[in-house]
Amino acid sequence: MKTITLNIDGRQVQGASGQTIYEVARENDIHIPVLCYHPAAKPAGACRVCVVEVAGARSLVASCAQPITEDMVVNTKSDRVIAARRLATELLLSSGNHNCLVCEANGQCLLQELAYELGIEQPRFSVSPPGYGIEEENPMIIRDMDRCIVCGRCVRACNEVQVNRVLDFSYRGKHATVGPAFGTTYEDSECVFCGECVSVCPVGALTEKQGRFKGRNWEVKKVRTTCSYCGVGCQIELNVKDNKVVKVTSDYELGEPNHGSLCVKGRFGHDFIHHPERLTKPLIRKDGKFWEVSWEEALDYTAKRLKEIRDKNGSDSIGVFTSARCTNEDNYVLQKFTRAVIGTNNVDHCARL
Amino acid sequence: MKVYRSHLMICGGTGCHASGSIAVKEALEKELEKQNLTEEIKIVETGCNGFCAMGPIMVVQPDGVMYVLIKPEDVEELVTEHLVKGRVLKRLIYKEPITKEEIPTMQEIPFFANQELRVLRNRGLIDPEKIDEYIARDGYLGMGKALTDMTPEEIVSEVKKSGLRGRGGAGFPTGTKWDFASRSQSDVKYVLCNADEGDPGAFMDRSVLEADPHAVIEGMVIAARAIGSHHGYIYCRAEYPLAISRMNIAIDQAREYGLLGKDILGTGFDFDLEIYQGAGAFVCGEETALMRSIEGHRGMPRPRPPFPASQGLWEKPTILNNVETFANIGQIILRGGDWYASIGTEGSKGTKVFALTGDVNNIGLVEVPMGTSIGTIIYDIGGGIQDGKKYKAAQLGGPSGGCIPAQHLNTPTDYEAIAKVGAIMGSGGLIVMDEESCMVDVARFFMDFCQDESCGKCVPCREGTKRMLEILTNITEGKGKDGDIELLEEMAANIKDASLCGLGQTAPNPVLSTIRYFRDEYEAHIYDKKCPSAVCSALFASPCQHMCPIEMDVPKYIALIKADRLDDAYKILLKTNPFPSVCGRVCNQACTSRCRRGQTDEPIAIAALKRYITDNGRRLVIKKVPHDRKEKIAVIGAGPAGLTAALDLTKRGYAVTVYEELPEAGGMLRYGIPAYRLPRETLKEEIDHIIAHGIDLKLNTRIGKDISFEQLKKDYDIVFMAVGAHKSYSLGVEGEDLKGVYGGVEFLRDVNLGKKVDIGKKVAVIGGGNSAVDAARTAVRLGASDVTIYYRRLREDMPAQEEEIDAALAEGVKLELFTAPGKLTGKSGRVEKMEVIRMKAGDFDSSGRKRPVPQEGGNFSVDMDTVIYAIGQQPDISFLPKDRGDIEVARGDTFKTTGRFKTRMKAEGFFAGGDALSGAAFVVTAIDAGHKAAGEIDDYIRTKNNEPAWQAPEMEKIDIPTDIDEDVIETPRFAKEHLKITDFVGNFEEVDKGLSKKNAKLEANRCLRCDLSDID
């Protein structure tokens, strides 16, 4: 990889060939705002808030898509750049319902950050949301397209990252929007509800339904853990408020193995955690009914019954099946127990859901 | 091959198909059969002939006679006359729209004669569905040469040498593009042809595909050889079914002949191509979007780099060229790059095809050498503007382009020169607009197109064009506000700078260029809520009222004539106009220029109807208005501007004194316009009526002489200067100071003052305006026997009213066009001879008319007793003191106003209006200035005093009938009565006697009452 030296905002910086201006700037702590850029997908150059001035270029260039070249001279904060950034932000602010009061994205919204950074209190244009209304038919995702800024992150996430190919752009001009083909709802489309689109949405257009009104971004504690649904080991963050998991998120920055992607269960299947019917004590069936017992009684009873069966029918009459939702250590101990104590190789594991 | 004595080349382009050429062709087939001529005469359906508006078109070869606008029912006569009897059928040949000359052969028709055909060289000559006919015209020879005699490098270098630049619009050098792609390493490369022609009004590519499809194939094979490609696509919009069908036939034939596909011409080179039909998205003309579309995705652009030459279609090296670019290639290879570069300009070589449309006489497809001026295309080839109207602008480059106004008609067709004036060459759509186009509405139209066609990917284009359209729409609906123009400019600059692709980067161009050249129209919409062309219908009820500077309520008074309520009609006139009798006679009648009735037959004779009311309506009894305000106002000049302002101010309670240097009031109405057009007693009655309101009129009083300027300033709170333009522009030739040489205004003033003016028998009048015609007709009445008007341009360029010119000619005045005065010589101080310089049309001047330039050797001299020059007039401001203080004067001695005020000057308490401000204009504009001055003076005083704004008193309510003649029968205007004159000498009686009662009512009945369009 060739090293390239360039000048950004008067600083000599270095990057590798193939890197974009935005990437090099970020590595050097030079702030360039973005909306449509997402590291998991190919650059789109759509939102134009990352535009910078490159000496010799006819017009402004999108730093997220422009490869660096030797001796390139870049200005990320010139008047021309700020004017373009301001106008784009003003246009977006006036294009939809960007009322932050009850927006789930409040506090983690890139448009909000941009407006704050540029000090835009009120756009110069009349605010005119398109009036699509909220789609909340399914139990997982709320689509509020009046808050959509048509950055296309969800489209790229769906097509390039998850390759589900459900979302795309539709209509032209001011009617341009994103969604499943023929304007159907997520529910009526081929969508598998992986929630990738929700995770990349930079504003409050796509949000988790279960977590709605349950906790602001700054109120929740993010507890990093490994998803317990299968053996992939996806890295997740439990969003905890008042000792309750209100939402599960992930982040590209959490890295391997999932880079922020999750499946429908990992992302949305967390309602069991605080479910009233969840088992919290061992039960033993007596006379056709379950009775709550102590751990001592339950373990003794299980040991007694296993011993009886082994002694009567031999070790191979017993098989052990473990779960992917247990940790490796648990599973290791259980296979050791099966082979060494029970004396059989009848052990398996559901390394899938 | 069978030999025929005649070929009938009938145009089979989409344009002619649409106008009925298929039916004509069928009729011809039947008729030839019937008359047993099928063995002698052959019918050939060709591609687009180019003269689309004249379709269906047929050219009879070998005679070259062209028949236009043929209908199936003409065919029998046509065959009998031309093909049997050998006579040209005159009624179906082309008639030059201005001269009405009948021109039988194609080569002589200016539309064709001034073109240079390279891309269109086969148009109308071959059947596009027969490859043999293309080959017979040297087709595929260039390809043969490229494949057998040339290396890919040599092909690229030949194209580079030709200087050919991309004809799709951006003008990137074709050879350079090919060079990049040829250097890209890849086993697979693509050659793409962009036939996604989407600009409104553009049809160059369609015509080439329809008329000469093999030329495109040939160019693509050569390109493929140059870059090492084996597969290509023609991306053609699905709305071009005929082009696609002909192209497919051509592809099949080329394959069959071994000119396409495997082992072309046995050289071992493979190249095949297919058509990909686009679904009609404008953005798919953008190269990366086009490629996405071929890949099967939604056509949306992506950022570059990577450029298509390295990563294009399916991420393989790709070149994309426009139809016209490819159509040039075969010829370039065959004849060499030097041949191609032999015409054109330094930076733009070869020819360019334009689709000429809009308000031009000759609509069609034209090909001219690069460097030809836009004016030449519009006037010499296009035959000028329809119906003798004035040129306003031409939109070049479609919605991505800009407009070219009259002052830039000399701009050559050269990529850089066009960019300099704010347009782009684009693909060649040239939409001509006449004076009736509203440029704000034009900008709105193109912005609407762009925002509709924006793919929606990037924010500046998707949201920015939407907001710009919103602002433009508001302006056209009268909801524009201060700052809108500046906001549009800011947004335009920004959107151009920050958009992702060419669509967004060019979408603001029409707005920027219309603001650049027609800012006044934007301002009129925003600040005056007026659409100067009466297009933006949200701003007005009827166009006649809107066009009138003082918004006279035309439909209402016409309706009252129909109802025989002339007294009420007269009251309506007086509401806005204190000089209705004058305006009924000598108005320039902007109202009729947009009269909707004119679209059916002839505009309503509005002025004549107005005069009919003033001739017959009962006069009001005038009472003096009490002076209840303390401020004193002086008006300098008792012309229409001064008297109107004085009247308005008097009605608002001010004490007004009007100072007039001459012995009678009226200004130019009294001392400029001759009595045979405006009888003195009529004028006097109207002025007396105004004065009777309580105006103090001081005649024979010149400021600076009879009363000092300083005194005036001291005595009055406000001074309104409406001194008119009573001084002729000087002629600037030798001998001007001889006796017998008069300025037009001075001559008319002397005559109207009753002075004895000895003019002799031979009189020359120089100029083409109303003053010149007035001077000529006055000279006739003073006894001159030989009066000639010398004018340096064409008659249609004369600013004088058509009616006046006709009247002058009828009275024996002669007209010498294309002449200018030279030296004047005389004996003992009196003029005797005038040299006349013969002029001819040169290039275009800033008004868009052809500049008259002296013609070599055409000069002559004439004997003259009197020479009157009426080439324009200016204010006489010698009454002002030497130290003018804050009183600002512009070039031509006209006054200057301050800020957005129409009459208020920088000097505190001073206002100006009428001709003294605008330069010589019209009566009605002076009346308008008077009204505006009164309004601004009153506002000025009240604002200063912290008083609330003036409230107009309640007007008497007059019911207006709403009955409309539902069955419009086409009828021209009903005639006025005219004085029969046998002896002009000394006869200053009014010539025009107005409408009879019967004709007035009939004429009034012609009014369509478009002011009622909102009523059920």
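Reading the values: the criteria
Residues numbered from 1 in each chain as written. Chains lettered and ligands numbered in written order. Predicted model: local features only at pLDDT ≥ 70, side-chain atom pairs only at ≥ 80, totals over all residues. Helix = DSSP H or I, 4+ residues; strand = E, 2+ residues; numbered from the N terminus. Rg over C-alpha atoms; globule rule 2.2 N^0.38 Å. Buried ≥ 20, exposed ≤ 12 C-beta atoms within 10 Å, placed from the backbone. Contact = placed C-beta atoms within 7 Å. Pairing = 2+ DSSP bridges. Axes fitted to C-alpha atoms, helices over the stretch in contact; angles between N-to-C directions. Domains from an automatic or database assignment. Nonpolar A, V, L, I, M, F, W, Y, C, P; charged D, E, K, R; others polar.

**Thoughts on the overall build of chain B**
The helix and strand inventory of chain B stands at 37 helices and 34 strands. In summary, chain B has a C-alpha radius of gyration of 34 Å against a globular reference of 31 Å for 1016 residues, a match within 12%. Taken along its principal axes, the extent of the C-alpha atoms in chain B is 100 × 70 × 65 Å. In chain B, which comprises 1016 residues, the share counted as buried stands at 54%.

**A few points about the overall build of chain A**
Assigned secondary structure in chain A consists of eight helices and 17 strands. Computed over C-alpha atoms, the radius of gyration of chain A comes to 26 Å, more than 25% over the 20 Å expected from 2.2 N^0.38 for 353 residues, which places it beyond the range of a compact globule. Overall, chain A is about 85 × 50 × 40 Å in size when its C-alpha atoms are taken along their principal axes. Split into buried and exposed, the 353 residues of chain A put 36% on the buried side. Excluding contacts between residues fewer than 6 apart, the proportion of contacts in chain A whose partners are at least 24 apart in sequence is 60%.

**Remarks on unusual backbone geometry**
Residue E256 of chain A is joined to P257 of chain A through a cis peptide bond whose omega torsion reads -5 degrees. Within the fold, P257 of chain A resides in the loop between strand 13 (244-249) and helix 6 (264-268). Across the junction of R304 of chain B and P305 of chain B, the peptide omega takes the value 0 degrees, indicating a cis bond. Within the secondary structure, P305 of chain B is located in the loop between helix 12 (287-294) and strand 11 (318-322). Although it is not a glycine, Q589 of chain B sits at a positive phi angle of roughly 55 degrees. Here Q589 of chain B lies in the loop between helix 25 (580-586) and helix 26 (590-593). Phi is positive for N946 of chain B, close to 60 degrees, though the residue is something other than glycine. Tracing the backbone through its elements, the reader meets N946 of chain B in the loop between helix 36 (923-944) and strand 33 (977-978). Since 6 C-beta atoms lie within 10 Å of it, N946 of chain B is described here as exposed.

**Here we look at the sheet that holds strand 11 of chain B**
All names here are of chain B. Ordered in space as 9-10-8-7-11, the five strands form an open sheet in which the pairing is mixed. Sheet topology places strand 9 (261-264) and strand 11 at the edges, where each strand pairs with a single neighbour. Averaged over neighbouring strand pairs, the angle between their axes works out to 25 degrees when direction is ignored. Across six bridges, the pairing between strand 7 (residues 190-195) and strand 8 (residues 231-237) is parallel. Bridge assignment links A195 to a residue of strand 8, and that residue is C236. On top of the sheet, helix 10 (residues 213-227) reaches strand 7, strand 8, strand 9, strand 10 (269-278) and strand 11; it is set at about 150 degrees to strand 7, its chief contact.

**What about the pairing of strand 10 of chain B?**
Residues and elements named next belong to chain B. As defined by bridge partners, strand 8 adjoins strand 10 across seven bridges and the pair is classed as parallel. When the sheet's bridge partners are listed, G232 is paired in strand 10 with L273. When strand 9 meets strand 10, the two strands line up antiparallel, connected through two bridges. In the strand pairing of strand 10, G261 is matched with F271.

**Section: the pairing of strand 26 (residues 819-827) of chain B**
Note: strand 26 of chain B against strand 27 (residues 830-844) of chain B, seven bridges, orientation antiparallel. The residue bridging G826 of chain B from the neighbouring strand is V831 of chain B, located in strand 27 of chain B.

**Points about the domain arrangement of chain A**
Examined at the domain level, chain A breaks down into domain 1 (216-278) and domain 2 (283-350). Taking only C-alpha atoms into account, the centre of domain 1 of chain A sits 30 Å from that of domain 2 of chain A.

**Notes on the domain arrangement of chain B**
Residues and elements named next belong to chain B. Split into domains, chain B comes out as domain 1 (6-110), domain 2 (131-341), domain 3 (439-536), domain 4 (543-620 + 962-1011), domain 5 (632-726 + 875-944) and domain 6 (727-874). Taken over C-alpha atoms, the centre of domain 4 sits 32 Å from the centre of domain 6. Taken residue by residue, the interface counts seven residues in domain 4 and six residues in domain 6. Classifying every residue of the side of domain 4 that touches domain 6 gives four nonpolar, three polar and no charged.

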